[in-house]
Amino acid sequence: PFLANQNSLSQTTTKDILNQIRKIANPPNDCDNWCGSAHEAPDNVSSKTVLADKNDEGEPLFISGTVYEKDGRTPASNVLIYAYHTNAKGFYGRGKGEHPHGKHHGWMMTDDHGHYEFSTIKPAQYPVRDTPAHIHFTLAGVSFKEYWIDDIWFEGDKLITPEIKKKQMTGRGGFNPILKLERAANGIWSGKRDIQLWKV
C-alpha cells in the first residue's frame, strides 16, 4: 500500500515530475527483465510509503532520511527513490507472475526538504550467501538517469567484514550506509539513511 499525497495539487505535480523522469529512463521495451523503477512507479507516489503489511512475518522497521545535492548540504527535492529487500527468511518471495524484486518493494519521491521515509520489516540475510542483510536502493531524477547506491546494511551484522565492505561498497550515496538501529518501546526498529547525489 502507498500513502497518498496530501492534496490533488501535489499529486498533479508529482505526476508531471514522474513523466519528466520517465522521459530519460530506459524505454519499457528496451530491457530483458526489469526496466527500472520509473515506469512502474504510481503517479501518486509521495515521500512516505509502506513496503510490508502488518501480517508479514518479521520485526517492524522504520527508515527515514534526507537526500542532498552533490554538495552534501542542500536538500534535493523530487528525487525518485526505489527500495526493495528480502523477507524475514532471506527470500524475495518471488512466485509465478510476481514482481522480480518480490513483495517488499516500493517508491518514494523526496519532498521540498529532501525527506523520505518508509515502514517495512527487517530483512534477513540470504540463506546460503555471505552478503549481510540489506535493502537495495536506486535514485532517479529529472536531470539524471536511475542508478544504484550502496545498500543499507545494519550495524552488528556478523557478515559485515572489511573484505565484504571493500568488495561491495562503492561510496555511491555518500554518508554511512551501515545503520545503527534503535528499538523503541513499541518494538519498532528505526534508523536514518541520509543520501548524497552522485557526482557525475
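Above this text you will find the structure in question.
Residues numbered from 1 in each chain as written. Predicted model: local features only at pLDDT ≥ 70, side-chain atom pairs only at ≥ 80, totals over all residues. Heavy atoms only, no water.

J.: Could you give an account of unusual backbone geometry, naming the residues involved and the relevant values?
T.: Despite not being glycine, Asn78 shows a phi value in the positive range, around 60°. For Asn78, the position within the fold is in the loop between strand 2 (60-68) and strand 3 (80-85). For Asn78, a relative accessible area of 29% translates into the label partly exposed. Phi is positive for Phe175, close to 50°, though the residue is something other than glycine. Examined against the element boundaries, Phe175 turns out to sit in the loop between helix 2 (162-168) and strand 8 (178-179). (Helix = DSSP H or I, 4+ residues; strand = E, 2+ residues; numbered from the N terminus. Buried < 20%, exposed > 50% of the residue type's maximum accessible area, 1.4 Å probe, protein only.)

J.: Pulling in residues and values, what's your account of the side chain of Thr138?
T.: As for its placement among the helices and strands, Thr138 is situated in strand 6 (residues 135-140). We classify Thr138 as buried; its relative accessible area is 1%. Within the structure, the side chain of Thr138 is placed 2.5 Å from the side chain of Glu146, a separation counted as a polar contact. Sequence-distant contacts of Thr138, defined by excluding residues within four places in its chain, comprise Trp34, Ser37, Leu80, Ile81, Tyr82, Glu146, Tyr147 and Trp148. (Polar contact = N/O pair within 3.5 Å; in protein donor to acceptor, adjacent residues only side chain to side chain. Contact = heavy atoms within 4.5 Å.)

J.: Describe the layout of surface pockets, and please don't skip the residues or the numbers.
T.: The calculated volume of the second largest pocket comes to roughly 220 Å³. Contributing to the lining of the second largest pocket are 16 residues, with Glu69, Gly141, Ser143, Phe144 and Leu197 lying nearest its centre. For the lining of the second largest pocket, the class distribution of residues is 8 nonpolar, 4 polar and 4 charged. (1 Å grid on protein atoms, 1.4 Å probe; cavity = no way out; pocket = protein on both sides within 12 Å on 5 of 7 lines; lining within 4 Å. Points joined across faces, edges and corners; volume = space filled by probe spheres on them. Nonpolar A, V, L, I, M, F, W, Y, C, P; charged D, E, K, R; others polar.)

J.: Hey, could you go over the nonpolar core for me, with residue numbers and the actual values?
T.: Judged by nonpolar contacts, the single largest core of 25 residues is most densely connected at Tyr116, Phe137 and Leu139. Looking at this core, the elements that each hand over two or more residues are strand 2, strand 3, strand 5 (115-121), strand 6 and strand 7 (147-154). In terms of residues, this core owes the most to one element, strand 7, which gives 4 residues. Beyond its immediate chain neighbours, meaning those up to four positions away, Tyr116 contacts Ser47, Ile63, Ser64, Gly65, Thr66, Val67, Ile81, Met108, Thr110, Phe137, Arg193 and Ile195. Among the nonpolar cores identified, the runner-up in size contains 15 residues, and Ile21, Leu80, Tyr92 and Trp107 belong to it. (Core = buried A, V, L, I, M, F, W, Y, C linked by side-chain atoms within 4.5 Å.)

J.: Please provide a residue-by-residue account of the pairing of strand 3, values included.
T.: Buried residues dominate strand 3, accounting for 6 of its 6 residues. Pairing analysis gives 6 bridges linking strand 3 to strand 6, with the strands arranged antiparallel. Across the sheet, the residue bridging to Leu80 is Ala140, located in strand 6. (Pairing = 2+ DSSP bridges.)

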